[in-house]
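Letter by letter, the chains look like this.
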Amino acid sequence: MSSRIHRKIVSDSYRIVSNLLSFFSCENNIDECLSSPCANNGICIDRINGYTCNCTTGYINSNCLKSINDTCFGQINPCQNNGTCILKSVDLYVDNPQSECQCYDGYNGKWCENDVCLELNCQNNSTCQRLSNGQAKCLCNEQWYGNICQYDINECERDKFNICLNNGTCLNYPGGYKCLCQDNYLGKNCEDKHICLEQSPCLNHGQCLPDNENYYCECLTNFTGLNCELLTCESLPCQHNGTCIPDINQGFKCNCTGTGKN
Ligand SMILES: [Ca+2]
């Protein structure tokens with residue numbers, strides 16, 4: 001046997017033994033992806049003694065078998081009141097991922113079926129404010145207080161000294177208050193002086209008399225008009241014996257017939 005042939009036999013023998021050894025010593029990695037375990041076009045990544053699937057959008061779990069739409073308690077959208085179904089598991093690639101309903105503000109319950117505002121039932125035209133923690137609260141108008149705005153604020157007590165001005169009397173009632181003002185004072189809080197007190201609009205010494213928020217003028221005999229600004233026939237305005245005729249718009253008119261004048 002030539003030395004060359006001898007070397008080849010030794011080399012082949014060595015390779016066979018080496019292969020046998022490597023087989024029994026688990027040296028070679030098996031490609032688990034060869035069996036195409038990732039469904040729905042997921043991409044298989046071979047690992048040592050295993051594989052992972054990179055699932056395409058919309059599919060989850062270890063073999064991409066589950067549609068993300070099917071994960072929410074097995075229903076497409078079981079969450080009520082605009083709630084959103086979310087996966088509790090951070091890792092999408094687990095089998096049977098857990099889901100839960102994330103509720104819109106002011107709703108709670110497994111399916112977001114509880115409307116806290118409905119349960120609260122805010123009173124007296126108050127507004128129900130929905131909170132992100134699944135609770136809600138009533139925002140009261142200024143006339144009411146209490147957790148559901150059920151109590152009337154007694155403004156007469158609360159603002160005892162500065163509510164009804166100018167010695168007005170305060171009357172409390174559910175949802176508000178009223179000031180009974182002294183004569184010649186007006187406004188919600190009796191804050192306005194009547195025009196008769198401020199500067200009388202009545203001319204020619206007419207007397208200003210309040211008529212609620214309005215006024216009227218009691219004029220002296222010779223005057224008339226809303227503000228006593230017109231002369232009357234009593235003031236004898238027609239000369240040369242002309243006949244005086246009362247006139248509602250201008251106080252009087254003179255009929256000059258027979259006087260030779262106009
Ligand atoms: Ca009140």
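Residues numbered from 1 in each chain as written. Predicted model: local features only at pLDDT ≥ 70, side-chain atom pairs only at ≥ 80, totals over all residues.

### Details of the overall build of the chain
So, point 1. Helix and strand counts for the chain come out as four helices and 22 strands.
So, point 2. Residues classed as buried in the chain amount to 18% of the 262 residues present. (Helix = DSSP H or I, 4+ residues; strand = E, 2+ residues; numbered from the N terminus. Buried ≥ 20, exposed ≤ 12 C-beta atoms within 10 Å, placed from the backbone.)

### A few points about the environment of Asn 108
So, point 1. Among the structural elements, Asn 108 can be located in strand 7 (residues 107–108).
So, point 2. When the 20 C-beta atoms within 10 Å are taken as the criterion, Asn 108 is described as buried.
So, point 3. Expressed as a C-alpha distance, the spacing of Asn 108 and Asn 81, which sit 27 residues apart in the sequence, is 9.6 Å.
So, point 4. With near-sequence residues (within four places) excluded, Asn 108 lies in contact with Cys 103, Asn 114, Val 116 and Gly 134. (Contact = placed C-beta atoms within 7 Å.)

### Some remarks on the confidence of the model for the chain
In regions of low pLDDT, the predicted coordinates are not meant to be interpreted in detail.
So, point 1. Confidence along the chain averages 85 in pLDDT terms, with 83% of residues attaining 70 or more.
So, point 2. Mean pLDDT per element in the chain: helix 1 (residues 3–24) is the minimum at 53, and strand 12 (residues 151–152) is the maximum at 98. (pLDDT = per-residue confidence, 0-100.)

### Describing unusual backbone geometry
So, point 1. Of note in this structure, Asn 184 is not a glycine but carries a positive phi near 70 degrees.
So, point 2. As for its placement among the helices and strands, Asn 184 is situated in the loop between strand 14 (176–180) and strand 15 (185–186).
So, point 3. Residues other than glycine seldom take positive phi values, yet His 205 does so here, at roughly 65 degrees.
So, point 4. For His 205, the location among the structural elements is in the loop between helix 4 (195–198) and strand 17 (207–211).
So, point 5. Residue His 205 is classed as exposed on the basis of its 11 C-beta neighbours within 10 Å.

### A few points about the pairing of strand 22 (residues 251–255)
So, point 1. Judged from the five bridges that link them, strand 21 (residues 243–247) and strand 22 form a sheet pairing that is antiparallel. Residue pairing in the sheet places Thr 243 in a bridge with Asn 255 of strand 22.
So, point 2. Counted along the chain from strand 21 to the antiparallel partner strand 22, the turn is three residues long. (Pairing = 2+ DSSP bridges.)

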